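Structural features, examined
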Amino acid sequence: MTQYVYRFGGGVSDGGKGDKNLLGGKGANLAEMASIGLPVPPGFTISTDFCAVYYDEGGQFPQGLRDEVATGLAHIEGVTGKTFGDPADPLLVSVRSGARASMPGMMDTVLNLGLNDQTVEGLAAKSEDARFAWDSYRRFIQMYADVVLELDHGAFEEALEIAKEDQGFTLDTELSADDLRKLVAEYKGLVEKLWGKPFPQDVHDQLWGAVGAVFGSWQSERAKVYRRLNDIPGGWGTAVNIQAMVFGNMGDTSATGVAFTRDPSKGDRAYYGEFLINAQGEDVVAGIRTPQYLTKTAREDAGAKPASMEEAMPEVYNQLADVFDTLENHYRDMQDIEFTVEKTKLWMLQTRAGKRTAKAALKIAVDMANEGLITREEAILRIEPMALDQLLHPTLDPKAHRDVLTKGLPASPGAASGAVVFDADAAEKKAADGVAVILVRTETSPDDIHGMHAAKGILTARGGMTSHAAVVARGMGRPCVSGAGTLSIDAKAKIMRCGGREVKEGRPAHHRRHHRRSDDRRGRDRAARTVGRFRHADGLGRRGPSSESPRQRRDSRGLPRRARVRRRGCRPLPHRAYVLREQPHHQRPPDDPGIGREGGAASHSKSCSPNSARISPRSSRSWPACR
């Protein structure tokens, strides 16, 4: 009988780093980390071999696999002392994908699985934190409805935004246990309305639904596009990793983060990453909240005020630094790491070879050879010939005039210019017509992969240096500015606003204070053709977090916001091309502030930042910078 389930954690490792083809990259590395004594939550992996069987069997699970999964669950229960589905002390698990080749964000994940109307009460009692339990339940319903039931994700986001707005809050963490309890009830009502059935309460039904969804995501459109772009064979399949949950959303002594053992943009030997206190992993990688820096040096260089992990959690940070050194020496390569801190206890959730720019790859390979970590021959073989093309990417003339529209984080280096588009499909279509475009999103999602590849550059209003946009752009060699929090993006109206200036899709920027336009500007305005009809607010065929809720559409005078903009009139700037770039510290005017991050948006600090990036209209006119 073929074995499909392989355990890890709790002193057991049925596999290791050499089993990547069988267990996928994530499963093999989880087993390897467990075998060398790192703190890994116990779990098991359903092998890549079963992925082909899943499709051959028409999406069915044979009894043999069900028996092996039951054994795997018993392993987790034995290590944790919790029981799956127990109303008094429930075991919760995560269900994650894991192909043999890294495909960041392309396949699906479900967290907090095992919660229902009974187990949420047990979790609240056992943890002595009702807010944490109900926050986990609302996250689970929202994620399960999106990934497994394939319901409209935007409907749940809108309900969350309205719940925060009713209380005058801006962050999810401000909602109380009672607020979250009401939100859960609303979420369940949405599921029944959109799905036609109540939200599933049987934890085993939840588990098999999630396993099927993760295997199914191997053939999702975004995964196919990524495989085609990166020459990954479709026959490889994905593994599924089922692992005991650890929680970064249990208060101020808990956190979650993503880190690299070296700088993936420049290659410097410095810890590089971000974290969020009282959060779960998707908050960091999806750019839902703007994270804080990992190290004190990075925070000071950026001029940011929120404390770094090194300052806020010094003991845990020191443990994490030791893990960085252990993993880099063990794998002999720069590592991309996901971690969670649960009540000051550090847990490792993933490690893999980190994606890096061509410039960083060269520096890291040379440095590791000089350090004796790898041979000179290995260093040469680690540089992909095609990646060297990135070193020829355009940069801006340091003596050129700067007309700054806004600033964000330099997530991926380089320079680009093109017409602004707000939709991945529009970016792909325009690029196919030979038009250079900049993809502008509140935050990118895996479904944007085709538009990101087609664009010359990427700009997001939210997210950090380890968000989806940042990681994917670095791997593609696309310049990317993330976390430009001063931007207001109305994807439905296809307009980006900042400091009284507007940029329309495929059109020049506008300044609201002027009503008349000269004849030559009218001609240029007519020449700037717009793209085809935009499908939906977030480009995914559904309403998303970037669109305004009904309660946000009127201003203090009771007038619709977009109506007021039209009444004020506008005037175009001379050009429609926009540039994304990094600007070194010494090239900035002395009165030009850098960017820091405080709360959920980018903010300006008093000192210049060598790590800030800018977006500028290519114009000879001197317009005031956005403040």
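Residues numbered from 1 in each chain as written. Predicted model: local features only at pLDDT ≥ 70, side-chain atom pairs only at ≥ 80, totals over all residues. Heavy atoms only, no water.

1. Quick word on the overall build of the protein chain
Note the cut-off: Numbering goes from the N terminus for both helices and strands, where a helix is a DSSP run of H or I of at least four residues and a strand is a run of E of at least two. Exposure categories follow from relative accessible area, calculated using a 1.4 Å probe and restricted to protein chains: below 20% of the type maximum is buried, above 50% is exposed, and the middle band is partly exposed. Whether two residues touch is decided by their heavy atoms; if any such pair falls within 4.5 Å, the residues are in contact. Throughout, the Shrake-Rupley method with a 1.4 Å probe supplies accessible areas, and for residues the shown protein chains are the sole cover considered.
Helices and strands together make up the secondary structure of the protein chain, namely 20 helices and 27 strands. Put simply, the protein chain has 627 residues, and 56% of those count as buried. For the protein chain, the share of sequence-separated contacts (at least 6 apart) that also reach a separation of at least 24 residues comes to 67%. For the protein chain, the exposed area adds up to about 25,700 Å²; of that, 48% sits on carbon and sulfur atoms.

2. Describing the sheet that holds strand β8 (residues 238-244)
Put simply, the test is: For two strands to be treated as a pair, DSSP must find at least two bridges joining them. Axis definition: a line fit to C-alpha positions, over the contact stretch in the case of helices; interaxial angles, taken between N-to-C directions, run 0 to 180 degrees.
Spatially, β2-β1-β3-β8-β6-β7 is the arrangement adopted by the 6 strands of the open sheet, whose pairing is antiparallel. The sheet terminates laterally at β2 (12-13) and β7 (109-113), the two strands that pair on one side only. Running over the sheet, helix α1 (residues 20-35) touches β1 (5-9), β2, β3 (43-46), β6 (93-99) and β8 and is turned about 120 degrees from β6. Contacting β3, β6, β7 and β8, helix α8 (residues 203-216) crosses the sheet at an angle of about 145 degrees to β8.

3. Description of the environment of I242
Take I242: it is sitting in strand β8. Sequence separation between I242 and V110 is 132 residues; the distance between their C-alpha atoms is 9.7 Å. The residues contacting I242, other than those within four sequence positions of it, are F8, G43, F44, I46, I76, V93, S94, V95, L207 and V211.

4. Digging into the sheet that holds strand β11 (residues 292-293)
The antiparallel open sheet is built from 5 strands, whose spatial order is β11-β10-β9-β12-β13. Only two strands of the sheet have a single neighbouring strand rather than two, namely β11 and β13 (345-353). As paired strands, strand β9 (residues 255-260) and strand β10 (residues 272-277) are joined by 6 bridges and run antiparallel to one another. Paired with A255 across the bridge in β10 is I277.

5. Thoughts on the pairing of strand β20 (residues 495-498)
Residue alternation in β20 divides its side chains into two sets, I495 and R497 and M496 and C498, and both sets are buried. Bridge analysis of strand β19 (residues 488-490) against β20 gives 3 bridges, and the strand direction is antiparallel. By the bridge assignment for β20, D490 is matched with I495. Counting the residues in the hairpin turn of β19 and β20 gives 4 residues, including K494, whose phi is positive at 60 degrees. Of the strand pairs in this sheet, β20 and strand β21 (residues 501-504) are connected by 4 bridges, and their pairing is antiparallel. Bridged to R497 within β21 is E502. Linkage of β20 to β21, two consecutive antiparallel strands, is achieved through a turn of 2 residues, within which G499 is found at a positive phi near 55 degrees.

6. Regarding the nonpolar core
Let me state the cut-off plainly: Only buried residues count toward a nonpolar core. Its members are Ala, Val, Leu, Ile, Met, Phe, Trp, Tyr and Cys residues joined through side-chain atoms within 4.5 Å.
Core analysis: the largest hydrophobic core is formed by 89 residues, its most contacted members being I46, L113 and V211. In terms of residue count, helix α5 (residues 130-147) provides more of this core than any other element does, 10 residues in total. Contacts of V211, omitting those with residues within four sequence positions, involve I46, F61, V95, V240 and I242. Ranked by size, the runner-up nonpolar core spans 24 residues in total, among them A31, L38, I337 and M348.

7. Notes on helix α3 (residues 63-80)
Residues spaced three or four apart along an α-helix point in a common direction, a consequence of the helix completing one turn every 3.6 residues. Let me state the cut-off plainly: How far a helix is expected to stretch is found by multiplying one less than its residue total by 1.5 Å. Within this analysis, the arc is defined by the directions that extend from the helix axis to the C-beta atoms.
Relative to the 26 Å expected for 18 residues at 1.5 Å per residue, α3 spans 26 Å between its end C-alpha atoms, a close match to the ideal helical length. Listed as buried for α3 are L65, E68, V69, G72, L73, H75 and I76. Looking straight down α3, one finds its buried side chains confined to an arc of 150 degrees; they lie on one side. Structural note: α3 exposes Q63, T71 and G78 on the side pointing more than 90 degrees away from its buried face. Within two residues after α3, G81 carries a phi angle of roughly 75 degrees, on the positive side.

8. Some thoughts on the side chain of S127
The condition that has to hold: Polar contacts, as used here, are pairs of N or O atoms within 3.5 Å; protein pairs need one atom able to donate a hydrogen and one able to accept it. Residues neighboring in sequence count only if both atoms are side-chain atoms.
Note on placement: S127 falls in helix α4 (residues 119-127). Relative accessible area serves as the criterion here: at 13%, S127 is assigned to the buried category. At 2.7 Å, the side chain of S127 and the backbone oxygen of L123 are in polar contact. Among the polar contacts listed, one links the side chain of S127 to the backbone oxygen of A124, at a separation of 3.5 Å.

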